[in-house]
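Overview (structure and organization)
Chain by chain, the residues:
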Amino acid sequence: MKIAIVCYPTFGGSGVVATELGLELARLGHEVHFITYSQPVRLALLNPNVHYHEVNVPEYPLFHYQPYELALSSKLVDMVKLYKIELLHVHYAIPHAYAGYMAKQMLKNEGIEIPMITTLHGTDITLVGNHPYYKPAVSFSINKSDVVTSVSQSLKDDTYKLFKIKRDIHVIPNFIELDKSREFSGPCQRSLIAKKDERIITHISNFRKVKRIPDIIRIFHKIQQQIPAKLLMVGDGPEKEKAEYLCQELGILDKVIFFGNSNEIDKILSNSDLFLLPSETESFGLAALEAMAWGVPVISSNSGGLPEVNFDGVSGYLSNVGEIDEMAENALKILRDDTVLCQFKKNALSVAQKFDIKHILPLYIDIYEKAIKKYSKKYKQLSKPDND
């Protein structure tokens, strides 16, 4: 198959999933074209089946905001025609599904019809997409997609609740490449991060309010009062500076390391004992899954899709949003005893194996093949001679 993937190229979960999906499809021999405004952070171009096409948006003083959707839809049209692409897979409803629909209409005007798969990832539905300014366009784009998928049952339910959707939504969960995750075999960095008797607790995110960054600091504050520990804060965003000030206020700044965005996530997780994710909501919780792939148990809220990933009492613990004391106590249940910690680590890895890409990829391939076949049948019907 010849597949075009449209995604955000940043550190966010939707971009990571889209990139890893495309790379795995390319390894199987499919021709994959990434179309976005910059090269995705995890995109390796060494595979001859992987292509990257940059969307350039000319700067015109006439526009207060440059028309990215227009540039993207035009680029999609050009690439489909040039490379004979058979299918569009757009990740994130805004603006990709909308631009994809416009591209389909322009192609149809030239006698070219291809299916479009739209994957919903989270804030494109629950936060941005639900804004009154965008809601009609998002509803329209989803309903005009040939196939719609969501990364969790929770997100599917939210989509039906917030929008007037007429299409079926297929739940295909996010995934990890378990074999790839375990490839890291560099020298142990643990002694550079923490003392021998200190537990290492980690959080990775984009430091937005929805991640409840102050809760993470306060949970850790309670943990380190009971046992020696270090907190690794990985990522960047608007809440980072506030977190640093809170650490200073609580007198734990020397026990917290702020890494910023990092390309060494595997090294960090391979040395972690616990992962904190007390978010207001998560459509899925990809960061938690990546931690579990390294055998790191998770303390999280029970909001959104997190209960579909983090199994309470097995791979970690779930608590209501804002229950800082309970989360800290659950963390201590895991961290106090080496035997208990070891069991939770094994459990976390076992749960993560259910989300290995080898189990998830066939679900996408099946949807792709059915969508292409459906369009092929339509072509055949249109091309049948009129016997009357």
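What this report covers is the structure whose coordinates are included nearby. All values reported here derive from a predicted model rather than from experimental measurement.

A few points about the layout of surface pockets
Volume-wise, the second largest pocket comes out at about 280 Å³. Around the second largest pocket, the lining is made up of 15 residues, and of these Asp146, Val147, Arg167, His170 and Ile367 lie nearest the centre. Elements with a minimum of two residues in the lining of the second largest pocket: strand E6 (147–150) and helix H15 (357–383). In the lining of the second largest pocket, the residues fall into eight nonpolar, one polar and six charged.

Regarding the packing of aromatic side chains
One pass over the structure, following the stated rule, counts six aromatic pairs. Consider the rings of tyrosine 37 and tyrosine 68, whose centres lie 5.7 Å apart with planes at 80 degrees: the pair is edge-to-face. Here tyrosine 37 is found in the loop between strand E2 (31–36) and strand E3 (50–54), whereas its partner tyrosine 68 is found in helix H2 (residues 68–83), with 31 residues between them in sequence. Using a relative accessible area of 34% as the deciding quantity, one classes tyrosine 37 as partly exposed.

Digging into the nonpolar core
The biggest cluster of nonpolar side chains holds 70 residues, and the ones touching the most others in it are Leu25, Phe275, Leu289 and Tyr368. By residue number, the principal contributor to this core is H15, which donates nine residues. Setting aside anything within four residues of it in sequence, one finds phenylalanine 275 in contact with Thr202, His203, Ile204, Leu269, Ala287, Ala288, Ala291, Val296, Pro297, Val298 and Ile299. In this structure, Phe207, Leu231, Phe258 and Leu332 belong to the second largest nonpolar core, which totals 31 residues.

Rules used throughout
- Residues numbered from 1 in each chain as written.
- Predicted model: local features only at pLDDT ≥ 70, side-chain atom pairs only at ≥ 80, totals over all residues.
- Heavy atoms only, no water.
- 1 Å grid on protein atoms, 1.4 Å probe; cavity = no way out; pocket = protein on both sides within 12 Å on 5 of 7 lines; lining within 4 Å.
- Points joined across faces, edges and corners; volume = space filled by probe spheres on them.
- Helix = DSSP H or I, 4+ residues; strand = E, 2+ residues; numbered from the N terminus.
- Nonpolar A, V, L, I, M, F, W, Y, C, P; charged D, E, K, R; others polar.
- Phe/Tyr/Trp six-rings, centres within 6.5 Å; stacked < 30°, edge-to-face > 60°.
- Buried < 20%, exposed > 50% of the residue type's maximum accessible area, 1.4 Å probe, protein only.
- Core = buried A, V, L, I, M, F, W, Y, C linked by side-chain atoms within 4.5 Å.
- Contact = heavy atoms within 4.5 Å.

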